[in-house]
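# Examining the three-dimensional arrangement
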Amino acid sequence: MSAPNKSYDPVEVEALKPEQIERMRDEALAAFAAADSLDALHEAKVAQTGPSSPLALANREIGALPPHAKADAGKRVGQARGAVNKALATRQAELEAERDARVLVEEAVDVTLPYDRVPAGARHPLTTMMERVADVFVSMGYEIAEGPEVEAEWFNFDALNFGPDHPARQMQDTFFVHGPKGADSDGESGVVLRTHTSPVQARAMLDREPPVYVVCPGRVFRTDELDATHTPVFHQIELLAVDEGLTMGDLKGTMDHMVQSLFGADMKTRLRPNYFPFTEPSAEMDMLCYVCKGESVGNPDRPCRTCSSEGWIELGGCGMVNPRVLTACGVDPEKYSGFAFGFGIERMLMFRHNVEDMRDMVEGDVRFTRPFGMEI
Ligand code: FA5
């Protein structure tokens, strides 16, 4: 800054001469106009309005003027700085608008373009249902046991107390791979596609020393026609417990626990007498209808489609393991007793999820599986 000089005319201070102020202003306006990016404008702003810019330096010269000259010089510098700041703001706005327009074009996403992501599928609800049921028993300490789908006739029938000419052997309509053995055979065991998961019971007892607690999920085969409630290839889950002192009470309590875990705490089961060669006594197990909880029975105002207003839904078969089966599988029936039950997963899926036609489960249409979601 020049030293105070009370005598001289302000127009003699070079930096404050009107033509110099105009030149500084015009140079600043030209620099802003020439800036073609926000970065370039920032550089021009620092050069033209920063503390070392010509106008800022000129402004400082005002302090050295005699009082009568300060107002005039201050006004001139102030007007020039005002014009410069205004031009800066205008150019800043223009460049920002250009940038925004460019970004909008560059980053535009055409939402109508075809996409190449593979759509996520869903696990088949039969698989998730089978795992869900098995998990109930695994959490009680049961072990998962598996057996072959192509099974020795001996395991599928003989070990389970189906006599060679027992009518029950015809009751299960069987796909024979070799055989059948039957009453007229030469004693060789045939080979079948297993008709139920019960042969895994026999295998589990032969493989392990009691106590035995196993759950056996698996695919089974019968010569049934495919229709709304039957399929020739379906899934069962079987439970077997062999220990000292097991009773029908343990069987009932275990089944109640299963239906409560799957359908809610107020669920229960009931037993109806039935016949299976491998259990004695045998029973059909029903569970309370989880929709109407039995309230539709004798109540025409509240009909229930799920149980046909019967109040109960048939689940499968059960009973105490026949001592002859225990003996055939090397377990001492004097010391041990056992209970078993088995039921169809397709049927359970039907009433649990209101699936009206079993054929939907086998046709492999993703429109059926997807609504069940990606349950793990
Ligand atoms: C049995 O298969 C016995 N092994 C169950 C058992 C296990 C009894 C342990 C005692 C002790 P059943 O033939 O009733 O039982 O079949 C059991 C279930 O399989 C039926 O309740 C039904 O839900 C299902 N099921 C039978 N046939 C078919 C089919 N063609 N399609 C779909 N599900 C079927």
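Per an unreviewed UniProt entry, the protein goes by the name Phenylalanine--tRNA ligase alpha subunit and belongs to Streptomyces scabichelini. Under the UniProt heading Subcellular location (unreviewed entry), the entry covering the protein gives this text: "Cytoplasm".

Let us look at the site of the ligand. Around the ligand sit 23 residues, and of these His 196, Ser 198, Arg 222, Asp 224 and Gln 236 come closest. Residue His 196 places a side-chain N or O atom 3.0 Å away from a nitrogen atom belonging to the ligand. Thr 231 places a main-chain nitrogen or oxygen 3.0 Å from a nitrogen atom of the ligand. In isolation the ligand exposes 690 Å². Once the protein is present, 92% of that is buried. Listed by contribution, the elements that provide at least two residues to the shell around the ligand are helix 8 (198-207), strand 6 (233-243), strand 9 (312-321) and strand 10 (337-344).

Our focus in this paragraph is the packing of aromatic side chains. We describe a pair of aromatic rings using the distance from one ring centre to the other and the angle between the two ring planes. Taken as a whole and judged by the stated rule, the model has 12 aromatic pairs. On the basis of an interplanar angle of 85° and a centroid distance of 5.1 Å, the ring pair of Trp 154 and Phe 155 is categorised as edge-to-face. Overall, Trp 154 belongs to the partly exposed group, its relative accessible area being 31%. Judged by its relative accessible area of 14%, Phe 155 falls in the buried class.

Counting buried positions along strand 6 gives 9 out of 11 residues, so the element sits mostly inside the fold. Judged from the 10 bridges that link them, strand 5 (residues 212-221) and strand 6 form a sheet pairing that is antiparallel. From the neighbouring strand, Val 214 faces strand 6, where its bridge partner is Leu 240. One ladder, built from 8 bridges, connects strand 6 with strand 10; its direction is antiparallel. When the sheet's bridge partners are listed, Glu 238 is paired in strand 10 with Gly 342.

What follows deals with the packing of helix 1 (residues 18-34) against helix 4 (residues 67-106). For the pair helix 1 and helix 4, the least separation of the axes is 9 Å and the interaxial angle reads 5°. Classified by the angle their axes make, helix 1 and helix 4 are roughly parallel. Residues Pro 18, Ile 21, Arg 25, Ala 28, Leu 29, Phe 32 and Ala 33 of helix 1 pack against Arg 76, Val 77, Ala 80, Ala 83, Val 84, Ala 87, Leu 88 and Arg 91 of helix 4. For the contact of helix 1 with helix 4, the class distribution of residues is 12 nonpolar, no polar and 3 charged.

Further remarks concern the pattern of salt bridges. Pairing is possible between side chains of opposite charge, provided their charged atoms come close. In this structure the tally under the stated criterion is 18 salt bridges. Residue Arg 203 is joined to Glu 151 by a salt bridge in which the shortest nitrogen-to-oxygen separation is 2.7 Å. Of the two residues, Arg 203 is situated in helix 8 and Glu 151 in strand 2 (residues 150-152); the sequence distance between them amounts to 52 residues. A salt bridge links Arg 302 to Glu 295, with the nearest nitrogen and oxygen atoms 2.5 Å apart. Taking relative accessible area as the criterion, Glu 295 reaches 48% and is therefore assigned partly exposed. A single network of salt bridges, built from pairs that share partners, joins Arg 270, Arg 272, Asp 286 and Glu 314.

Strand order in this open sheet of 3 strands is 2-4-3, and the pairing throughout is antiparallel. Two strands lie at the open edges of the sheet, namely strand 2 and strand 3 (176-178), each paired on one side alone. Neighbour-to-neighbour, the strand axes of this sheet turn through a mean angle of 35°, independent of strand direction. Alignment of strand 2 against strand 4 (residues 191-193), held across 3 bridges, turns out to be antiparallel. Note on strand 4: the bridge partner recorded for Ala 152 is Val 191.

Cut-offs and rules
- Residues numbered from 1 in each chain as written.
- Predicted model: local features only at pLDDT ≥ 70, side-chain atom pairs only at ≥ 80, totals over all residues.
- Heavy atoms only, no water.
- UniProt positions renumbered as here; feature names shortened; annotations may be inferred.
- Near = heavy atom within 4 Å.
- Polar contact = N/O pair within 3.5 Å; in protein donor to acceptor, adjacent residues only side chain to side chain.
- Areas by Shrake-Rupley, 256 points an atom, 1.4 Å probe, with all protein chains shown as cover.
- Helix = DSSP H or I, 4+ residues; strand = E, 2+ residues; numbered from the N terminus.
- Phe/Tyr/Trp six-rings, centres within 6.5 Å; stacked < 30°, edge-to-face > 60°.
- Buried < 20%, exposed > 50% of the residue type's maximum accessible area, 1.4 Å probe, protein only.
- Pairing = 2+ DSSP bridges.
- Axes fitted to C-alpha atoms, helices over the stretch in contact; angles between N-to-C directions.
- Parallel < 35°, antiparallel > 145°, perpendicular 65-115°, else oblique.
- Contact = heavy atoms within 4.5 Å.
- Nonpolar A, V, L, I, M, F, W, Y, C, P; charged D, E, K, R; others polar.
- Salt bridge = Lys/Arg side-chain N within 4 Å of Asp/Glu carboxyl O.

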